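Report on the structure
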Amino acid sequence: MNRGPGERPKRGPGIQAVYALCEVTGGGQKVYGIAVEYDASIDPDSLAPDTYTASVVPAARGFFPGMPQEPNKNATTEAPRARRVAAVYTNAGPALLADRKSVAGSYVILEFDHDADLSAPSTDSDKVMVTQDKSVRSVDGALFAASAMAWDNGGQRGNAVVIRGVDEWEQNHWWWDDARSAWLEYSIYLPKSFLKAGGESKSYPLVLAITHSGTSYDGNCAQTLTEQCIASIWSLPEEQAAHECVVITPRYERTTMNDYWEHTYDLENTYRLVESLLKNTWNYGNPNLPDRADKVLKIDPKRVYCTGWSMGAMSSLWLMAKHPKTFAAGLIIAGQQRPADVVDLAKQNVLIITGTEDGKATPWNEKCVPVWEHAGAKVTRPAERLDPALIFPVEDQSRLTDEINGYLGKGGNITFLTFQGVDHMQSARKFFYIKAARNWLFRQMKT
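The structure displayed is predicted, hence computed values, not measured ones.

**Here's the deal with the packing of helix α6 (residues 398–408) against helix α8 (residues 435–443)**
At a closest axis distance of 9 Å, the pairing of α6 and α8 adopts a crossing angle of 35 degrees. Where α6 abuts α8, its residues Thr401, Ile404, Asn405 and Leu408 lie against Ala436, Trp440 and Arg443. Of the residues that constitute the contact of α6 with α8, the class distribution is four nonpolar, two polar and one charged.

**Here we look at the pairing of strand β6 (residues 107–112)**
Of all six residues making up β6, six are buried, and the element is well covered by its neighbours. Side-chain alternation along β6 places Tyr107, Ile109 and Glu111 on one buried face and Val108, Leu110 and Phe112 on a second face that is also buried. Two strands pair when backbone bridges link them, and strand β2 (residues 28–38) and β6 are joined in this way by five bridges, in the antiparallel orientation. Paired with Ala35 across the two strands is Ile109, which belongs to β6. Inspection of the sheet shows strand β5 (residues 85–91) paired to β6 by six bridges, in the antiparallel sense. When the bridges of β6 are listed, Tyr89 appears paired with Ile109.

**Details of the pairing of β2**
Judged by how many residues are buried, β2 sits mostly within the fold: eleven of eleven residues are covered. Examined bridge by bridge, strand β1 (residues 15–25) and β2 share ten bridges and lie antiparallel to one another. Its bridge partner being in β2, Val24 is matched across the sheet by Gln29. Following β1, the chain reverses through two residues before pairing antiparallel with β2.

Conventions we followed
- Residues numbered from 1 in each chain as written.
- Predicted model: local features only at pLDDT ≥ 70, side-chain atom pairs only at ≥ 80, totals over all residues.
- Heavy atoms only, no water.
- Axes fitted to C-alpha atoms, helices over the stretch in contact; angles between N-to-C directions.
- Helix = DSSP H or I, 4+ residues; strand = E, 2+ residues; numbered from the N terminus.
- Contact = heavy atoms within 4.5 Å.
- Nonpolar A, V, L, I, M, F, W, Y, C, P; charged D, E, K, R; others polar.
- Buried < 20%, exposed > 50% of the residue type's maximum accessible area, 1.4 Å probe, protein only.
- Pairing = 2+ DSSP bridges.

Dropping the structure here:
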């Protein structure tokens, strides 16, 4: 990802560097705090929320996360805007702490309030600025005096940015087939236990997360991970703690499937990538990092899943229909297919989630229901529409979980749920946060 710790030359006593601490949300990448690095461990008792002025530079005008041909969010002439510091504490590295309690270290963490609605679109660039308005003391008693000097996180190699759950991805991998002169760019997340001693002896579930057309064309691997949470939500530490898995997300040069049901060879290449991982010969971990060098990754063939939104959901439906023996289940967010092309989904495990205001995904999936039922599927399609207000805050989804688990418990191998008042764009920003849906996916296994 962007330039990380340890890449700046050390300076005189006091502040050494500043880092933007970011989180990828349904609404894109947001700045959740700032890390101020000193050359000595800092006494947390010398800190207060008003010790610093912390500012974030707004994104360039016209930027909207996930849209094609959007401007570079950092190509902005906007002035930094001060943001209230909700908590200040110390840490051994540039990272937020869930409990906001100080850990011995040379980093001062300035944490902002977070919007509980993780679907709200981001308006942040990843440029930040800090001034130290009051004196700060090290644990050894050295005093770092207040200063009017403004520190930012810019540098020759880009802004210093730490993105939770994303920086651990390996980007810019290529699957290739010399016989067909075909290739496909992708990123991969390797589980923490795989990177430990003996991790190569364990087999892992695989999640294929396909993003949307907004990350094709002029996009790059970073955008598939940061502009919406379609892929990166599966690599968050709390999600990996619940469902440890390998995650891959392709980066396409073009739209893989359009509204006329026409698709490119990228879809079959995506399947070839999955197929290559299932051969348990993948050993392309960065050879310069000893925790992954020469390790061969093993995938559990009973636990291969696909998911996506919009173009990614359409692609997932197509892949499941064309390769029905591969995937244990699919979580389909606001995607549609021509009914005649997806008859083979009747024997597979699929959870489809749409919004009432989605004029494509909702009606086209409804056209598929009788086709699937005629082919032997048991489809759960409730008439009730779910309330999107129950999704956030994500820590309080008990009512939503009960409702969704009730529908999933009816025994249908295909469940099709729709939320009231949600349109196509909002579905990407909201529905991946439904914990009951993610938990359902990992409960499915190929027999």
